[in-house]
Amino acid sequence: MNQRQLEILCAVLLGFGQLFIMTGFDSESFILESVIHSIHERKPERISSYAGYNGQAVIYAFYMVACIFSSSILAISTPKITLIISAIFFTAFPLGFLFTNSYYYYFSSALLGIGFALFYQGQMGYLTSHSTRKTIESNVSLSWSIGCFCMILGSFLMASITKLSSEEPELLMNSLNVTSEPHRVGRRFSELEIKLLFIAFTVISIVGMIILFLMPSRDVENCIEGSSEKKDTFIGALKLTCSTIINPKMIQLTPLFCLCGLNITFWLSVFPTAMSFTAHNSNLIYLTAVYSFAAGLGEVIMGIMISFLSKRIQNFGQKPTMTIGAVCVLIYCTLIHLSTATYAPMTPTNEEPILFHHSYLLALIIGLICGIGDCCINSVRSVICALAMPKRRPQAFSVSKALASCILFFLSPITPLYVYTIGLPILSIIATFLFFSIAKRTQQMERKMTEGTRNAAEISKKLAL
């Protein structure tokens, strides 16, 4: 196996590891608030009605705090070990829905937030130790596109389990000692459906943990940053992280990082909840599954396109990709604004939309655009962090996303739709202009480094003669 084949193998295995452990997380995000609402309506004493939003806020709060320490953990560990620990934390979360309890729910949410930070830190650490400067864009896109099959896999799981539970097979219900009830106002989840869904999410997370354990550990030659070259101590890396937060480049990239967090929060959780809370959709029981499938398909298609075009168009993974992502945000926010009731993200509602109702076709179109846009925005974030701050890559990855998501989840129960659908397009335009400035300077820096390396090689050759 040559070096390029090893790089591809590592990117593919990392992608499959992400695929399996993220299937549960992304699918849970689509339905979490609706599931919690359904549990609360049957047994109010078990959990509060908005624990879905609040739990996700806890996830991102701990994610934000863990981001400060995650690069320090990576400094005394390896990307592979960091990824395995994160997979254990991801698996702990769905287990709690087999015996829903507020204390365990919030505890496992905190663990999941820490696992989230460790995963992204380990993921980028693993990619930079198994990629060169020429292959980083391609490898990031390849790994990301495989990982994003998680939403497609999750959609099939949700659709299959919804069909099974809606038929209410008496024997299975008796064996699980659960009850089922029809969907009435908006989308409701039966006890049977909830148990089956979260059993499936737990099992598939365990599979992801096994794949991450089997990944090669050896770095490739001339990699961007080898895991065997760490010099920092835990405290040293922590100090570097804190100084990175106020670095001028990081400040200029803040709108992009906020866009990453707010965008994924909105399309992954807030909008699916709004669809479930809309009374008109009460009979569209596969709506979330269709939307999840389309979003995953969009992520995969765009990831493959970025990987393919990055080999043929220089720096395609930067300005062109960012432009596509910003345009997608503008389009899907417009469609959601016209088709979704203003207060649907906050509470079950019979309110009419501005122009047209949700349908399977509309969910397919919006999901596809969301997936394409999210893949673009996350790809450029990963690439610019790897290239713009060569001395602080782990620290740049660690501080680039969580605060905006945390704040938004805490405010979701009181935030009307138009705040998202107007605010996100404005933010995407600002982020794009600032990103272009950083990308231009990064490309100039890369050219100077290339010219310096070429000149050094020529001098060495002349001296040898």
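Residues numbered from 1 in each chain as written. Predicted model: local features only at pLDDT ≥ 70, side-chain atom pairs only at ≥ 80, totals over all residues. Heavy atoms only, no water.

Novice: Help me out: how do you make sense of the overall build of the chain in this one?
Specialist: Secondary structure summary: the chain contains 17 helices and 0 strands in total. Out of the 465 residues in the chain, the part that is buried amounts to 59%. In the chain, of all internal contacts separated by at least 6 residues, the share reaching a separation of at least 24 is 84%. About 18600 Å² of surface is accessible on the chain, with carbon and sulfur atoms providing 69% of the total. (Helix = DSSP H or I, 4+ residues; strand = E, 2+ residues; numbered from the N terminus. Buried < 20%, exposed > 50% of the residue type's maximum accessible area, 1.4 Å probe, protein only. Contact = heavy atoms within 4.5 Å. Areas by Shrake-Rupley, 256 points an atom, 1.4 Å probe, with all protein chains shown as cover.)

Novice: Even after reading the chapter, I still don't get helix 1 (residues 3–42), so can you show me in this structure?
Specialist: An α-helical segment advances 3.6 residues per turn. Residues three or four places apart therefore align on the same side. Over its 40 residues, helix 1 runs 57 Å from end to end, which matches the ideal 58 Å to within 8%, given 1.5 Å per residue. The largest bend along helix 1 measures about 55° and falls at Ile31. Most of helix 1 sits inside the fold, with 29 of its 40 residues counted as buried. (Expected span 1.5 Å × (residues − 1). Bend = angle between axes of the 7 residues up to and from the residue.)

Novice: Any chance you could explain the packing of aromatic side chains here in plain terms?
Specialist: In this description, a pair of aromatic rings is defined by centroid distance and the angle of the planes. Evaluation of the coordinates by the stated rule reveals 21 aromatic pairs. Between Phe90 and Phe119 the ring centres are 6.3 Å apart and the planes differ by 75°, which places this aromatic pair in the edge-to-face class. Placement of Phe90 in helix 3 (residues 79–95) and of Phe119 in helix 4 (residues 102–128) is noted, with a sequence separation of 29 residues between them. With a centroid separation of 4.0 Å and 15° between ring planes, the pair formed by Phe97 and Phe198 is classed as stacked. A residue pair is termed long-range when its members are at least 10 positions apart, and Phe97 in the loop between helix 3 and helix 4 and Phe198 in helix 8 (residues 191–213) qualify at 101 residues. Taken as a pair, Phe97 and Phe198 share a single burial class, namely buried. Three or more aromatic residues joined by ring pairs make a cluster, and in this case those are Phe25, Tyr63, Phe90, Phe116, Phe119 and Tyr120. (Phe/Tyr/Trp six-rings, centres within 6.5 Å; stacked < 30°, edge-to-face > 60°.)

Novice: What should I look at first to understand the packing of helix 4 against helix 5 (residues 136–147) in this one?
Specialist: In a packed pair of helices, the relevant descriptors are the angle between the two axes and the axis-to-axis distance. Two elements in contact, helix 4 and helix 5, have axes separated by 10 Å at closest approach and are oriented at 135°. By the angle between their axes, helix 4 is oblique relative to helix 5. Between helix 4 and helix 5 lies a crossing of right-handed hand. Each of Tyr120, Gln123, Met124 and Leu127 in helix 4 lies in contact with helix 5, whose residues at this interface are Asn139, Val140, Ser143 and Trp144. The residue makeup of the contact of helix 4 with helix 5, split by class, is 5 nonpolar, 3 polar and no charged. (Axes fitted to C-alpha atoms, helices over the stretch in contact; angles between N-to-C directions. Parallel < 35°, antiparallel > 145°, perpendicular 65-115°, else oblique. Left-handed = near helix turned anticlockwise from the far one by under 90°. Nonpolar A, V, L, I, M, F, W, Y, C, P; charged D, E, K, R; others polar.)

Novice: What should I look at first to understand the environment of Ser102 in this one?
Specialist: Note on placement: Ser102 falls in helix 4. Classification of Ser102 as partly exposed rests on a relative accessible area of 22%. Between the C-alpha atom of Ser102 and that of Ala51, which follows or precedes it by 51 residues, the distance is 8.4 Å. Here Ser102 is in contact with Arg46 and Ile47, once residues within four sequence places are set aside. A polar side-chain atom of Ser102 sits 2.8 Å from the main-chain carbonyl oxygen of Arg46. (Polar contact = N/O pair within 3.5 Å; in protein donor to acceptor, adjacent residues only side chain to side chain.)

Novice: Any chance you could explain the confidence of the model for the chain here in plain terms?
Specialist: Note that predicted coordinates carrying low pLDDT should not be read in detail. Across the chain, the average pLDDT comes to 79, with 78% of residues at or above 70. Within the chain, helix 13 (residues 319–339) carries the highest mean pLDDT (94), whereas helix 7 (residues 170–176) carries the lowest (41). The low-confidence segment residues 169–184 (pLDDT under 50) makes 29 contacts with residues lying over four places distant or belonging to another chain. (pLDDT = per-residue confidence, 0-100.)

Novice: Can you walk me through helix 11 (residues 254–276) in this structure?
Specialist: The end-to-end C-alpha separation of helix 11 is 32 Å, in line with the 33 Å expected for 23 residues at 1.5 Å each. Phe266 marks the point of greatest bend in helix 11, at about 40°. Counting buried residues along helix 11, 20 of its 23 residues qualify, which places the element largely inside the surrounding structure.

Novice: I tried to follow the nonpolar core on my own but got confused; where do I start?
Specialist: Across soluble globular proteins, nonpolar side chains show a tendency to be buried alongside one another. Counting residues in each nonpolar core, the largest one holds 109 residues, and the members touching the most others are Trp267 and Tyr332. For this core, the element with the highest residue contribution is helix 1, accounting for 14 residues. Leave out the neighbours within four places in its chain, and Trp267 touches Phe30, Met151, Pro272, Tyr291, Ala295, Glu299, Tyr332, Cys370 and Asp374. (Core = buried A, V, L, I, M, F, W, Y, C linked by side-chain atoms within 4.5 Å.)

Novice: How should I be thinking about the pattern of salt bridges in this particular structure?
Specialist: Opposite charge on two side chains permits pairing when their charged atoms draw close. Counted by the stated rule, this structure contains 2 salt bridges. One salt bridge connects Arg42 with Glu191, and the closest N-O pair in it is separated by 3.9 Å. Pair noted here: Arg42 is in helix 1 and Glu191 is in helix 8, with a separation of 149 residues, a long-range link. The partly exposed category is assigned to Arg42, whose relative accessible area is 22%. (Salt bridge = Lys/Arg side-chain N within 4 Å of Asp/Glu carboxyl O.)

Novice: Even after reading the chapter, I still don't get a nonpolar patch on the surface, so can you show me in this structure?
Specialist: Taken together, Leu95, Leu98, Phe99, Ile199, Val203 and Val207 make up a surface patch of nonpolar side chains, about 450 Å² in accessible area. Looking at the nonpolar patch, the element that brings in the most residues is helix 8, giving 3 residues. (Patch = residues over 30% accessible without salt bridge, like charges linked within 9 Å, V, L, I, M, F, W, Y side chains within 5 Å.)

Novice: Please explain the packing of helix 5 against helix 12 (residues 287–310) as it appears in this structure.
Specialist: Look at helix 5 against helix 12: their axes get within 8 Å of each other, and the N-to-C directions meet at 160°. The orientation of helix 5 with respect to helix 12, classified from their angle, is roughly antiparallel. Crossing of helix 5 against helix 12: the hand is left-handed. Mapping the contact onto sequence places Glu137, Ser138, Ser141, Leu142, Trp144 and Ser145 in helix 5 and Glu299, Val300, Gly303, Ile304, Ile306, Ser307 and Ser310 in helix 12. Residue classes in the contact of helix 5 with helix 12 are distributed as 5 nonpolar, 6 polar and 2 charged.

Novice: Honestly, the environment of Phe213 in this entry has me stumped. Any pointers?
Specialist: The topology assignment puts Phe213 in helix 8. Spatially, the C-alpha atoms of Phe213 and Lys80 are 7.4 Å apart, while their sequence positions differ by 133 residues. With sequence-adjacent residues up to four places away left out, Phe213 is seen in contact with Lys80 and Ile84.

Novice: Mind showing me how you'd approach the environment of Glu193 here?
Specialist: Relative to the assigned elements, Glu193 resides in helix 8. Assessed through its relative accessible area of 1%, Glu193 is described here as buried. As a C-alpha pair, Glu193 and Val35 span 158 residues in sequence and 9.6 Å in three-dimensional space.

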